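Analysis of the macromolecular model
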Amino acid sequence: MTGADLLDVAMCRLRLPVPMAKLQVIHQLAGALKDERNGVATWQALLRWLRALRLESEVLEALAIVVAARGSTVLSSADLRAAINAPSVLSDVFMEHAFSTPVLVHSWLKCHSGEVPRFYQQPELRRELALGQIVPKALALSLQDLQQWSRRPFVAQWTFEFERLIERNDRSSDGHFSFFLPESDRGEVGQFIARRGQLARSAFLRTLALAADLWGMPIPEAQAVAMVASPADLSLLPMLPDGVPGWVRPLHGARPGTWGEAAGLATSVLRDVHEVEGKSLLHLNLPLHGDARYNGELEIVCILASGEAIDAEEVFGVHDFLPGRMCLPRTEDLTLRIDALESEATFPAKGGGRLRPVLLPLVGNNAGYLQSDLVRRMPRLPAHDSRSPLIVTPRKGGADVLLSGAKVGELLHWNWKWRPTHLKNMGGPTGVALVLDRDVTKRLLHIDSMRLCHVWRARVLTRETDYGDWREEVWQGSVLGLGPGSAMMRISS
């Protein structure tokens with residue numbers, strides 16, 4: 001087998017239905033494109049792969065390699081464009097970021113099947129697309145909103161394009177996803193990118209192509225709507241999980257069985273990061289011990305509070321409320337910018353006083369399936385009250401937090417005993433943490449009459465045998481003034 005054959009086999013691994021596997025392949029191939037010895041051969045293999053693709057969504061996965069390898073001397077926008085047989089509104093976006101130049105000729109405008117017939121009906125396919133199983137419900141909701149606003153048949157067009165793609169392309173099988181499931185019956189779930197889902201995403205992009213071509217939809221609007229079908233948030237594409245931080249490793253083996261043990265675990269890790277690492281731990285979310293009879297996870301968050309008492313349940317209510325409602329802006333160079341949080345961004349506390357968020361969700365509304373593990377353990381970035389913005393630069397293992405060009409903290413991202421599935425009520429086999437320099441924490445999070453508070457939440461699933469229903473317990477409390485009275489416990493099967 002020649003070197004070219006091996007590279008072609010490597011490209012074929014993009015067909016794996018597991019998002020983390022796809023992300024690993026994308027990074028390995030991007031690294032090969034940047035390598036002086038392998039760059040040219042890898043580039044030719046990528047072009048061969050692209051010429052064989054007939055679905056817009058699969059083209060985007062291949063273009064993610066180019067975005068991840070931007071700056072490589074072997075990349076050629078002309079050769080790339082000539083190799084793409086299924087361009088889309090998003091392929092233009094990917095290429096603009098890869099080459100830092102605008103795309104002037106939109107070759108995707110005619111990539112559709114023509115306008116849906118007036119009396120077209122395919123209720124079963126329409127229900128399948130709206131169900132949210134093969135693709136997220138966000139795709140259907142986006143087209144429903146466009147249809148209501150424009151009085152154009154967006155949903156019927158999507159269904160029509162889906163049927164046309166099935167007729168032309170649905171000749172291959174996904175195989176059996178059970179290959180990726182654990183041998184033991186642990187009641188696990190996972191996200192797999194099935195062939196039918198690729199057809200649905202491609203049909204969605206083709207619907208937007210027709211809308212821009214025949215219905216007068218502005219191209220910038222089509223690009224914005226199309227992002228819900230993207231395989232990735234390009235700003236987060238560099239965030240491949242890295243090694244487990246040294247101070248984190250002992251936590252993964254912890255097996256708290258009571259509220260007190262979980263409270264002690266949260267207190268000890270905060271103390272260790274503060275005293276041993278010399279940092280402030282603002283956020284931590286990770287799995288604990290896991291086996292056939294026990295699975296646990298721990299999350300520590302912080303918030304600014306003006307009241308006397310801190311209710312952990314109330315703090316987590318604010319914490320869980322923000323994802324999907326607050327999104328950090330992405331810049332043209334794919335970094336993230338955090339400006340000062342508005343002074344009115346507070347929540348009333350039941351016991352009096354106010355609560356002000358300190359942790360902002362990293363993942364926005366258009367997270368792609370390549371970032372599905374991140375969504376399950378939503379990483380957080382620091383809110384602040386400084387005149388100078390924070391700039392966050394994603395990288396392997398997380399992201400660097402910069403203030404006036406100097407690194408003042410980092411977001412950490414790692415895998416722990418990774419597998420493609422996880423228990424339904426758990427966050428998955430990955431961990432995230434946010435740490436800042438202690439002096440910077442005091443400056444950025446200083447609000448008159450408010451103090452920085454930490455709360456924790458532990459979730460534990462147990463059962464007496466290797467099979468059967470899980471028993472769930474959730475404990476939470478404040479790190480300061482710990483006591484059973486500040487905890488909440490919920491037990492369910």
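What this report covers is the structure whose coordinates are included nearby. The structure presented is a predicted model; accordingly, all values stated were derived computationally and were not measured. (Residues numbered from 1 in each chain as written. Predicted model: local features only at pLDDT ≥ 70, side-chain atom pairs only at ≥ 80, totals over all residues. Heavy atoms only, no water.)

So, about the packing of aromatic side chains. Tallying each qualifying case throughout the model produces five aromatic pairs. Both rings, one in Tyr120 and one in Phe160, keep their centres 5.3 Å apart while their planes meet at 80°; by these two values the pair is edge-to-face. Here Tyr120, found in the loop between helix H6 (89–99) and helix H7 (123–130), pairs with Phe160, found in helix H9 (residues 154–169); they are 40 residues apart in sequence, far enough to count as distant. Judged by relative accessible area, which is 8%, Phe160 ranks as buried. Between the aromatic rings of Phe154 and Trp215, the centroid separation amounts to 5.0 Å while the plane-to-plane angle is 75°, which identifies the pairing as edge-to-face. With Phe154 in helix H9 and Trp215 in the loop between helix H10 (195–214) and helix H11 (219–226), this residue pair connects regions lying 61 residues apart in the sequence. (Phe/Tyr/Trp six-rings, centres within 6.5 Å; stacked < 30°, edge-to-face > 60°. Helix = DSSP H or I, 4+ residues; strand = E, 2+ residues; numbered from the N terminus. Buried < 20%, exposed > 50% of the residue type's maximum accessible area, 1.4 Å probe, protein only.)

With 14 residues, helix H8 (residues 137–150) should reach 20 Å at 1.5 Å per residue; the first-to-last C-alpha distance of 20 Å fits that figure. Where H8 is concerned, the buried positions are Leu139, Ala140, Ser142, Leu143 and Leu146. Taken around the axis of H8, the buried residues stretch over an arc of 160°, which confines them to a single face. Of the exposed residues in H8, those oriented more than 90 degrees away from the buried face are Asp145, Gln148 and Trp149. (Expected span 1.5 Å × (residues − 1). Arc of directions from axis to C-beta.)

With that out of the way, let us pick up the side chain of Arg459. Along the chain, Arg459 falls in strand S14 (residues 451–462). With relative accessibility at 18%, the residue Arg459 sits in the buried group. Here Glu472 takes part through its side chain, which lies 3.3 Å from a polar atom of the side chain of Arg459. (Polar contact = N/O pair within 3.5 Å; in protein donor to acceptor, adjacent residues only side chain to side chain.)

Turning our attention to the state of the cysteines. Applying the stated rule across the entire model yields zero disulfides. Counting only cysteine sulfurs, Cys302 is the nearest neighbor of Cys453, a cysteine outside any disulfide, at a range of 9.2 Å. For Cys453, a relative accessible area of 7% corresponds to the buried category. (Disulfide = S-S within 2.5 Å.)

It is worth spelling out the pairing of strand S15 (residues 471–478) at this point. Along S15, seven of the eight residues are buried, which leaves the element largely enclosed by surrounding structure. Two strands pair when backbone bridges link them, and S14 and S15 are joined in this way by eight bridges, in the antiparallel orientation. Counterpart to Ala458 in the pairing with S15 is Trp475. (Pairing = 2+ DSSP bridges.)

So, about the nonpolar core. Core analysis: the biggest nonpolar cluster contains 81 residues, and Leu80 and Phe204 have the highest contact counts within it. The biggest single contributor to this core is H10, with 10 residues. Not counting residues within four places of it along the chain, the set of residues in contact with Phe204 comprises Leu139, Ser142, Leu143, Trp158, Val225, Ala226, Val228 and Ala229. Within the second largest apolar cluster, 46 residues are counted, among which are Val315, Ala349, Leu362 and Val432. (Core = buried A, V, L, I, M, F, W, Y, C linked by side-chain atoms within 4.5 Å. Contact = heavy atoms within 4.5 Å.)

The next thing to look at is H6. Across the 11 residues that make up H6, a large majority, 10, are buried. Turning to H6, its buried residues number three or more, namely Val89, Leu90, Ser91, Asp92, Val93, Phe94, Met95, His97, Ala98 and Phe99. Packing partners of the buried residues in H6 comprise helix H4 (56–68), helix H5 (77–83), H10 and H11. Once H6 finishes, Ser100 follows within two positions and takes phi at roughly 55°, a positive value.

Once that is clear, we can look at unusual backbone geometry. Phi is positive for Ser100, close to 55°, though the residue is something other than glycine. Of note, Ser100 is situated in the loop between H6 and H7. Owing to a relative accessible area of 63%, Ser100 belongs among the exposed residues under this scheme. With a phi close to 70°, Leu334 is a non-glycine residue in the positive phi region. On the secondary structure map, Leu334 appears in the loop between helix H14 (312–321) and strand S4 (336–338). We classify Leu334 as buried; its relative accessible area is 8%.

The next point concerns the environment of Gln44. Relative to the elements of secondary structure, Gln44 occurs in helix H3 (residues 39–52). As a C-alpha pair, Gln44 and Ala211 span 167 residues in sequence and 34 Å in three-dimensional space.

Tracing the backbone shows Glu473 in strand S15. Accessibility expressed as a relative area gives 10% for Glu473, which makes it buried. Of the polar contacts made by the side chain of Glu473, one reaches the side chain of Arg471; its length is 2.9 Å.

Inspection of every chain in the model, using the stated rule, returns 27 salt bridges. Arg206 is the partner of Glu56 in a salt bridge, and the nearest nitrogen-oxygen pair spans 3.0 Å. Of this pair, Glu56 sits in helix H4 while Arg206 sits in helix H10, placing them 150 residues apart in sequence. Each of the two residues, Glu56 as well as Arg206, counts as buried. With its nearest N and O atoms 3.2 Å apart, the salt bridge here joins Glu299 to Arg457. Residue Glu299 is found in strand S3 (residues 294–305), and its partner Arg457 is found in strand S14; the two are separated by 158 residues along the sequence. Judged by relative accessible area, Arg457 falls into the buried class, the value being 15%. (Salt bridge = Lys/Arg side-chain N within 4 Å of Asp/Glu carboxyl O.)

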